[in-house]
Amino acid sequence: MTQKEDRKMVAALLREREGYVRRGEKDRVRQVDEQLDHYGYEPEQADETGPAGRATAPKETTGDSAAEERRGRGRPRKPRDAEGNIVRE
């Protein structure tokens, strides 16, 4: 592979790794890290102060009402029983 192809592969692996980190898939993050090491990627030293410009932690939402607000437009949810199965009328 050329250096340009290596840079593209590293960029793709970093995007893939970010998704796994967000979902908490530690084993997949480790596998991607191994591939990044194979391509010679060296992570930058993390700054101990945290992200620039962020004064407070992100607001966490809980409960189904927050999920319903995020859904916005689209099909309405189908009625479900206590076990989560769709109830047919």
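Model, not experiment: these values are computed from the prediction.

So, on to the nonpolar core. Listed in full, the 6 residues of the largest apolar core are Val10, Leu13, Tyr20, Val29, Val32 and Leu36. Breaking this core down by element, the ones donating at least two residues are α1 (3-23) and α2 (26-38). Contacts of Leu36, omitting those with residues within four sequence positions, involve Val10, Leu13, Leu14, Arg17 and Tyr41.

One pass over the full model with this rule turns up 5 salt bridges. One salt bridge connects Glu16 with Arg28, and the closest N-O pair in it is separated by 4.0 Å. Here Glu16 is found in helix α1, whereas its partner Arg28 is found in helix α2, with 12 residues between them in sequence. Across the pair Glu25 and Arg23 runs a salt bridge, and its minimum N-O distance is 3.0 Å.

Before going further, it helps to examine α1. Taking 1.5 Å of rise per residue, the 21 residues of α1 would be expected to cover 30 Å, and the 30 Å separating its terminal C-alpha atoms lies within 8% of that figure. When α1 is considered as a whole, its buried residues turn out to be Val10, Leu13, Gly19 and Tyr20. Of the surrounding elements, those touching the buried residues of α1 are α2. The first or second residue beyond α1 is Gly24, which carries a positive phi of 80°.

Each value, and the rule that gives it
Residues numbered from 1 in each chain as written. Predicted model: local features only at pLDDT ≥ 70, side-chain atom pairs only at ≥ 80, totals over all residues. Heavy atoms only, no water. Core = buried A, V, L, I, M, F, W, Y, C linked by side-chain atoms within 4.5 Å. Buried < 20%, exposed > 50% of the residue type's maximum accessible area, 1.4 Å probe, protein only. Helix = DSSP H or I, 4+ residues; strand = E, 2+ residues; numbered from the N terminus. Contact = heavy atoms within 4.5 Å. Salt bridge = Lys/Arg side-chain N within 4 Å of Asp/Glu carboxyl O. Expected span 1.5 Å × (residues − 1).

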